[in-house]
Amino acid sequence: MTTTPPKKASAAVQARRVLVLNSGSSSVKYQLLDMNDRSRLAIGLVERIGETTSRLLHTPLTGGDAETRERTGRIADHAAALKAAAEELAADGLGLDSPELAAIGHRVVHGGLRFTEPTVVTDEVLKEIERLVPVAPLHNPANITGIRTAQAMRPDLPQVAVFDTAFHTTMPEYAARYAIDVETADAHRIRRYGFHGTSHAYVSRKAAELLGRTPEEVNVIVLHLGNGASASAVAGGRCVETSMGLTPLEGLVMGTRSGDIDPAVTFHLKRVAGMSTDEIDVLLNKKSGLVGLCGDNDMREIRRRIDEGDERAALAFDIYVHRLKKYIGAYSAVLGRVDAVVFTAGVGENSAPVREAAIAGLEELGLVVDAGLNAVRSGEPRLISPNYARVAVAVVPTDEELEIADQTFALVGRAESAGQEMPVGQVDN
Ligand code: ADP
């Protein structure tokens, strides 16, 4: 193993660009940001890595018209994906060999209890992320591959891991523990970790800003409703409860995941239906939720079917909304005082019917949606409750990449101010 000599943080920090990488099992999403004004220089996506139908979509954002370029044909692995992305960036004069690149920020899904903050990746950190693979088998391996690939490409640069779980590590023990045998739980690190933390952190902060208050002054419920979905209760800027657990399966009804379910359903499926553990895993993670209930997981399609009188789609919608309401009620009780309920991510930002239905009937909790405001389409944070409402209801578009870039850049900057040497990646793994 070759260890690159440490690099002075000061050298890195005069550079003000950050590359953000979100590596999934068969995809890599990337964004290059200029931290002078936090603008995007380019965004891109490589999907279906390893298949013959791989595709790269790259959009430079430095010129006037943002024109997306497409590459098709097999991209064998993550290394090839990053190389292809780097070529596209280089074609726009944004090559990753540029001295202006300060750091690479990586989304890492599971940081367990150890990682409560963004962390510069060292060999030891990578080993710990690897140790967490059993609790994040679908995500952490891809994140590790992304980090190793980026290290090989720029071994001189700090690689920063930003964890989906980190924001939730402030949850009190009584919210994080399952009521199961303590020794068994501890031996296998079974507890509620929560996910989408980068989004919950960003959105809860933005919501405070929208209310003209500091995060410390407000209590908010954040509903991150994408294909995966989670709720969180944030008191004075700190997460006190969230709906996802040991894995992202717990909680709300999602696009393809069941969310909360009696664990005995799994014993039943095994003993009575004769299903294997892997089959049950696939059933609950990939074939349940909206797709399991009605065959579609896209809320637009579900609404279209409801408009045509489709009863299965209507029932799926009602189950989805009922679960949301239960969480809003529960988190109102957990927080005691709620200043805002905030919708975000694909469904939360775009589906007025979901927002309306989730809040309907909650007047006793101080929650009301104004139909006119709810119907407005906008990419900006906005209130959808009337002025007289006791609790604000808001839509705040999430921006996980910007949050990762901010956290990455701040970490590199702190090291610079402290005159520390940044550990940089190790190659030859
Ligand atoms: P991911 O969890 O994959 O990041 P997103 O946050 O992008 O997901 O959310 C994707 C989901 O958002 C889609 O599956 C769809 O249900 C929903 N969605 C996207 N656009 C709209 C829209 N205009 N109206 C309603 N739902 C939408």
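Above this text sits the structure in question.
None of these values were measured; they are calculated from a predicted model.

A.B. asks: Outline the packing of aromatic side chains, listing residues and values.
C.D. replies: Per the stated rule, a full pass over the model turns up 2 aromatic pairs. Ring centres of Phe-115 and Phe-163 lie 4.5 Å apart, and the angle between their planes is 5°; this geometry places the pair in the stacked category. Taken together, the positions of Phe-115 in the loop between β7 (101-108) and β8 (119-120) and Phe-163 in strand β9 (residues 159-163) put the pair 48 residues apart, joining distant regions of the chain. Taking the centre distance of 5.5 Å and the plane angle of 90° together, the rings of Tyr-327 and Tyr-331 count as edge-to-face. With a gap of 4 residues between them, Tyr-327 and Tyr-331 both fall in helix α12 (residues 311-335), about one helical turn apart. Residues Tyr-327 and Tyr-331 agree in their burial class; the two are buried. The aromatic ring of Phe-317 is capped on one face by Arg-303, whose charged end is 4.7 Å from the ring centroid.

A.B. asks: Describe helix α3 (residues 123-131), with residues and values.
C.D. replies: Burial in α3 covers these residues: Asp-123, Val-125, Leu-126, Glu-128 and Ile-129. Buried residues along α3 sit against β7, β8, α4 (140-153) and β9.

A.B. asks: Which residues make up the site of the ligand, and what values do they have?
C.D. replies: Neighbouring the ligand are 13 residues; Asn-227, Met-299, Arg-300, Gly-346 and Asn-350 lie closest to it. Contacts to the ligand include Met-299, whose backbone N or O atom sits 2.8 Å from an oxygen atom. Within the backbone of Gly-346, a nitrogen or oxygen atom sits 2.9 Å from an oxygen atom of the ligand. Compared with its free state, where it exposes 580 Å², the ligand has 67% of that area covered by protein. Contributing elements (two or more residues each) for the shell around the ligand: α11 (299-307) and α13 (345-350). Looking at the shell around the ligand, the element that brings in the most residues is α13, giving 4 residues. Residues of the shell around the ligand, tallied by class, amount to 3 nonpolar, 7 polar and 3 charged.

A.B. asks: Tell me about the pairing of strand β12 (residues 238-242), and name the residues and values.
C.D. replies: Judged from the 4 bridges that link them, strand β11 (residues 229-235) and β12 form a sheet pairing that is antiparallel. Considered in β12, the bridge of Ser-232 is made with Thr-242. Counted along the chain from β11 to the antiparallel partner β12, the turn is 2 residues long, and its residue Gly-236 has a positive phi close to 55°.

A.B. asks: Explain the side chain of Arg-382 to me, using residue names and the numbers behind them.
C.D. replies: Assignment of secondary structure puts Arg-382 in strand β14 (residues 382-383). No salt bridge is formed by the buried Arg-382; the nearest opposite charge belongs to Glu-349, separated by 7.1 Å. Separated by 3.0 Å, the side chain of Arg-382 and the backbone oxygen of Glu-380 make a polar contact.

A.B. asks: Give me the lowdown on the nonpolar core, citing residues and values where you can.
C.D. replies: Counting 41 residues, the largest nonpolar core has Leu-223, Leu-225, Tyr-320 and Val-341 as its most contacted members. Of all the secondary structure elements, the ones that give two or more residues to this core are β10 (219-225), β11, α10 (289-294), α11, α12, β13 (340-344), α14 (352-359) and β15 (392-395). In terms of residues, this core owes the most to one element, α12, which gives 10 residues. Setting aside residues no more than four positions away along its own chain, Leu-223 makes contact with Ser-230, Ala-231, Leu-324, Ile-328, Val-341, Val-342, Phe-343 and Thr-344.

A.B. asks: Break down the sheet that holds strand β3 (residues 28-34) for me, citing the residues and quoting the values.
C.D. replies: Ordered by their spatial adjacency, 8 strands build an open sheet running β6-β5-β4-β3-β2-β7-β9-β8, and the pairing between neighbours is mixed. Looking at strand neighbours, the two that pair on one side only are β6 (69-72) and β8, the edges of this open sheet.

A.B. asks: Please set out the sheet that holds β14 residue by residue, giving values where relevant.
C.D. replies: Judged by pairing direction, the sheet is mixed, and its 6 strands sit side by side in the order β12-β11-β10-β13-β15-β14 without closing on themselves. Since the sheet does not close on itself, it has two edges, and those belong to β12 and β14, each with one partner. Pairing geometry for β13 and β15, over 4 bridges, is parallel. Bridging from a neighbouring strand, Val-341 pairs with Val-393 of β15. Seen against the sheet, helix α7 (residues 197-210) touches β10, β11, β13, β14 and β15 and runs at an angle of roughly 130° to β10.

Conventions and cut-offs
- Residues numbered from 1 in each chain as written.
- Predicted model: local features only at pLDDT ≥ 70, side-chain atom pairs only at ≥ 80, totals over all residues.
- Heavy atoms only, no water.
- Phe/Tyr/Trp six-rings, centres within 6.5 Å; stacked < 30°, edge-to-face > 60°.
- Helix = DSSP H or I, 4+ residues; strand = E, 2+ residues; numbered from the N terminus.
- Buried < 20%, exposed > 50% of the residue type's maximum accessible area, 1.4 Å probe, protein only.
- Lys NZ or Arg CZ within 6 Å of the ring centre and 35° of its normal.
- Contact = heavy atoms within 4.5 Å.
- Near = heavy atom within 4 Å.
- Polar contact = N/O pair within 3.5 Å; in protein donor to acceptor, adjacent residues only side chain to side chain.
- Areas by Shrake-Rupley, 256 points an atom, 1.4 Å probe, with all protein chains shown as cover.
- Nonpolar A, V, L, I, M, F, W, Y, C, P; charged D, E, K, R; others polar.
- Pairing = 2+ DSSP bridges.
- Lys, Arg positive; Asp, Glu negative; His and termini not counted.
- Salt bridge = Lys/Arg side-chain N within 4 Å of Asp/Glu carboxyl O.
- Core = buried A, V, L, I, M, F, W, Y, C linked by side-chain atoms within 4.5 Å.
- Axes fitted to C-alpha atoms, helices over the stretch in contact; angles between N-to-C directions.

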